[in-house]
Amino acid sequence: MSYFNRLLLQCRSGFEKEAAAEITDQCANVGIYGYCTLNQGDGYLCFNIQQPGEAERAVKEIDFHALIFIRQWMVCGDCNELEREDRITQIEAVVTDIGFPQCSDLWVEYPDTTEGRELATFARKFSSALAQKLRKKAVLRKAKASSAIKLMLFALSGSEVFIGYIPAKNSAPWPMGIPRLKFPKSAPSRSTLKLEEAWHWFIPKSQWDERLAFGSQAVDLGAAPGGWTWQLVQRSMFVAAVDNGPMDPGLMETGQINHVQEDAYKFVPEQQVNLMVCDVVDKPVKTAGMAADWVINGWCQEAIFNLKLPMKQRYQEVISCLNLIAERFMQEGLAYELSAKHLYHDREEITCHLRIL
Ligand SMILES: C[S@@+](CC[C@H](N)C(=O)[O-])C[C@H]1O[C@@H](n2cnc3c(N)ncnc32)[C@H](O)[C@@H]1O
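Residues numbered from 1 in each chain as written. Predicted model: local features only at pLDDT ≥ 70, side-chain atom pairs only at ≥ 80, totals over all residues. Heavy atoms only, no water.

Q: How should I be thinking about empty space enclosed by the protein in this particular structure?
A: Where empty space is left can be seen by rolling a probe of water-molecule size over the atoms. A complete count under the given rule lists one cavity of 30 Å³ or more for this structure. Estimated volume of the largest cavity: approximately 80 Å³. Every residue along the wall of the largest cavity is listed here: Phe-64, Arg-71, Ala-172, Pro-173, Trp-174, Gly-177, Glu-197, Trp-201, Lys-341, His-342, Leu-343 and Tyr-344. Within the lining of the largest cavity, the residues separate by chemical class into seven nonpolar, two polar and three charged. Taken domain by domain, the lining of the largest cavity gets at least three of its residues from each of domain 1 (6–177) and domain 2 (192–356). (1 Å grid on protein atoms, 1.4 Å probe; cavity = no way out; pocket = protein on both sides within 12 Å on 5 of 7 lines; lining within 4 Å. Points joined across faces, edges and corners; volume = space filled by probe spheres on them. Nonpolar A, V, L, I, M, F, W, Y, C, P; charged D, E, K, R; others polar. Domains from an automatic or database assignment.)

Set out below in structure tokens:
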């Protein structure tokens, strides 16, 4: 039996150090200690743990939804060197060994890098062949959604593969943590996908009709040319689009938008709106403080905003911003919900969601 004493973590290429700082902190919070091995630009890293069983405890006790820079994770051992002629048998041997949990599903993933993406076709074909074989032999068996465990393969090439597993409920809902969203042709900018992804990540779909409701009011700070406003308009919301820059004329024709040419940091709505969104490029602490003002002052029920990351100390900057918001709510004695994620469509920024409880 090989030891599954490692967490393999996927992140956006170039953000391995942030993901390492984050997993080290999160594991320390539950009394798990280890060290990271990474190469900048690989799109993944490993957190190596000495104590047997602790990697498994980490994925049970740390809430995946609370992770910011980590897109996907799995418990695994060393990278397996497979002989190409007989990969399936070798994987089966690992998966049926004592101590490997019963899995119900299989995902084959790979690094989200230029080189890694060349494995996409292999991953798709191999996954289907392997799943078929493992299902036939009942190595993969259906389980209740709440307790299902996913068999995870992370391929570095056709023969170098990490084999591991993850609780299905406490991991990314999309393979490699990448939602497949289609760019809507009529949207005025590609950033439209950031807001759509944010909704998928932060708001359960079952609540969209109530929280992104038909006819409700929204404010879009730093709205031009209108990619985020486009999403709000699609949900049949009325939008105050705050920006000195020009809005897309086609979008303005919907009649659902009031273009306000003001400073986003000074704008105050006349009455409470359901949702405030903000995509202004400015200092992250300034935006974090402004978002806290909006929710604490009751100007909006919930807010989705981007924090643009600095060149250095990116993880520390994010933590400072989240702490700043937490302190503001503590001072006011208000209960709130705050989450943050480096979304797939984010680049040098993260997206946050804040709301009063
Ligand atoms: C990244 S763009 C927004 C893109 C937009 N979310 C979209 O999907 O099309 C940032 C916008 O913020 C605006 N901006 C920057 N500082 C601002 C401020 N202080 N007040 C209002 N708008 C501001 C810029 O004019 C720019 O249009």
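Q: Honestly, the site of the ligand in this entry has me stumped. Any pointers?
A: In the region of the ligand, 16 residues are neighbours, and Ser-189, Gly-227, Asp-243, Ala-264 and Asp-279 sit closest. In the model, an oxygen atom of the ligand is placed 3.5 Å from a nitrogen or oxygen of the Pro-225 main chain. Here an oxygen atom of the ligand sits 3.1 Å away from a polar atom, N or O, in the main chain of Gly-226. Starting from 590 Å² of accessible surface for the ligand in isolation, the protein chains cover 75%. Its residues assigned to classes, the shell around the ligand shows seven nonpolar, five polar and four charged. (Near = heavy atom within 4 Å. Polar contact = N/O pair within 3.5 Å; in protein donor to acceptor, adjacent residues only side chain to side chain. Areas by Shrake-Rupley, 256 points an atom, 1.4 Å probe, with all protein chains shown as cover.)

Q: Just checking my understanding: could you explain helix H4 (residues 120–136) for this structure?
A: Along an α-helix, a turn takes 3.6 residues, which lines up residues three or four apart on a common side. Over its 17 residues, H4 extends 24 Å from the first C-alpha to the last, a length consistent with the 24 Å expected when each residue adds 1.5 Å. Inspection of H4 places Phe-122, Ala-123, Phe-126, Ser-127, Leu-130, Ala-131 and Leu-134 among the buried residues, and these make up the whole buried set. When H4 is viewed along its axis, its buried side chains cluster within an angular range of 140° and face the same direction. Every exposed residue of H4 that faces more than 90 degrees away from the buried side is listed here: Arg-124, Lys-125, Gln-132 and Lys-136. Once H4 finishes, Ala-138 follows within two positions and takes phi at roughly 60°, a positive value. (Helix = DSSP H or I, 4+ residues; strand = E, 2+ residues; numbered from the N terminus. Expected span 1.5 Å × (residues − 1). Buried < 20%, exposed > 50% of the residue type's maximum accessible area, 1.4 Å probe, protein only. Arc of directions from axis to C-beta.)

Q: Help me understand the pattern of salt bridges, please; the structure alone is not making it clear to me.
A: A pair can form between side chains of opposite charge whenever their charged atoms are brought close. In this structure the tally under the stated criterion is 19 salt bridges. Here Arg-6 and Asp-78 are joined by a salt bridge, their closest N and O atoms 3.2 Å apart. Highlighted residues: Arg-6 in strand E1 (residues 6–10) and Asp-78 in the loop between strand E4 (72–76) and strand E5 (80–81), separated in sequence by 72 residues. On the accessibility criterion, Arg-6 (16% relative accessible area) is buried. By relative accessible area, which is 52% here, Asp-78 ends up exposed. Salt bridges sharing partners connect three or more residues here, namely Lys-194, Asp-279, Lys-308 and Glu-349. (Salt bridge = Lys/Arg side-chain N within 4 Å of Asp/Glu carboxyl O.)

Q: Looking at this structure, how should I read the layout of surface pockets?
A: A volume near 350 Å³ is recorded for the largest pocket. Taken together, 15 residues form the lining of the largest pocket, with Gln-26, Ala-66, Ile-68, Leu-322 and Leu-338 sitting closest to its centre. Elements represented by at least two residues in the lining of the largest pocket include exactly helix H1 (16–29), helix H10 (314–332) and strand E14 (336–341). For the lining of the largest pocket, the element with the highest residue contribution is H10, accounting for five residues. Its residues assigned to classes, the lining of the largest pocket shows nine nonpolar, four polar and two charged. The two domains that each donate at least three residues to the lining of the largest pocket are domain 1 (6–177) and domain 2 (192–356).

Q: Help me out: how do you make sense of the domain arrangement of the protein in this one?
A: Interfaces are frequently sized by the accessible area removed from exposure as the parts join. Structurally, the protein comprises domain 1 (6–177) and domain 2 (192–356). Centre-to-centre, using C-alpha coordinates, domain 1 lies 33 Å away from domain 2. Taken together, the contacts link 18 residues of domain 1 with 15 residues of domain 2. Taken together, both faces of the contact between domain 1 and domain 2 bury some 1,600 Å²; the carbon and sulfur share is 60%. Joining domain 1 to domain 2, the criterion identifies one salt bridge. (Contact = heavy atoms within 4.5 Å. Buried area = accessible area lost by both parts, 1.4 Å probe.)

Q: Just to check I follow, could you spell out the packing of aromatic side chains for this structure?
A: Geometry of an aromatic ring pair is reported as the spacing of the ring centres plus the angle between the planes. Scanning the model with the defined rule gives 15 aromatic pairs in all. Here the aromatic rings of Trp-174 and Trp-201 are separated by 6.3 Å at their centres, their planes lie at 45°, and the arrangement is tilted. With a gap of 27 residues between them, Trp-174 in the loop between strand E8 (160–167) and helix H5 (192–202) and Trp-201 in helix H5 connect regions that are remote in the sequence. You can call Trp-201 buried: its relative accessible area is 8%. Plain terms: the ring middles of Phe-267 and Trp-294 are 6.3 Å apart, the flat faces sit at 20° to each other, and that makes the pair stacked. Highlighted residues: Phe-267 in the loop between strand E11 (257–260) and strand E12 (273–278) and Trp-294 in helix H9 (residues 284–296), separated in sequence by 27 residues. Judged by relative accessible area, Phe-267 falls into the buried class, the value being 9%. Ring pairing ties together the aromatic residues Phe-64, Trp-73, Trp-174 and Trp-201, which thus form one cluster. (Phe/Tyr/Trp six-rings, centres within 6.5 Å; stacked < 30°, edge-to-face > 60°.)

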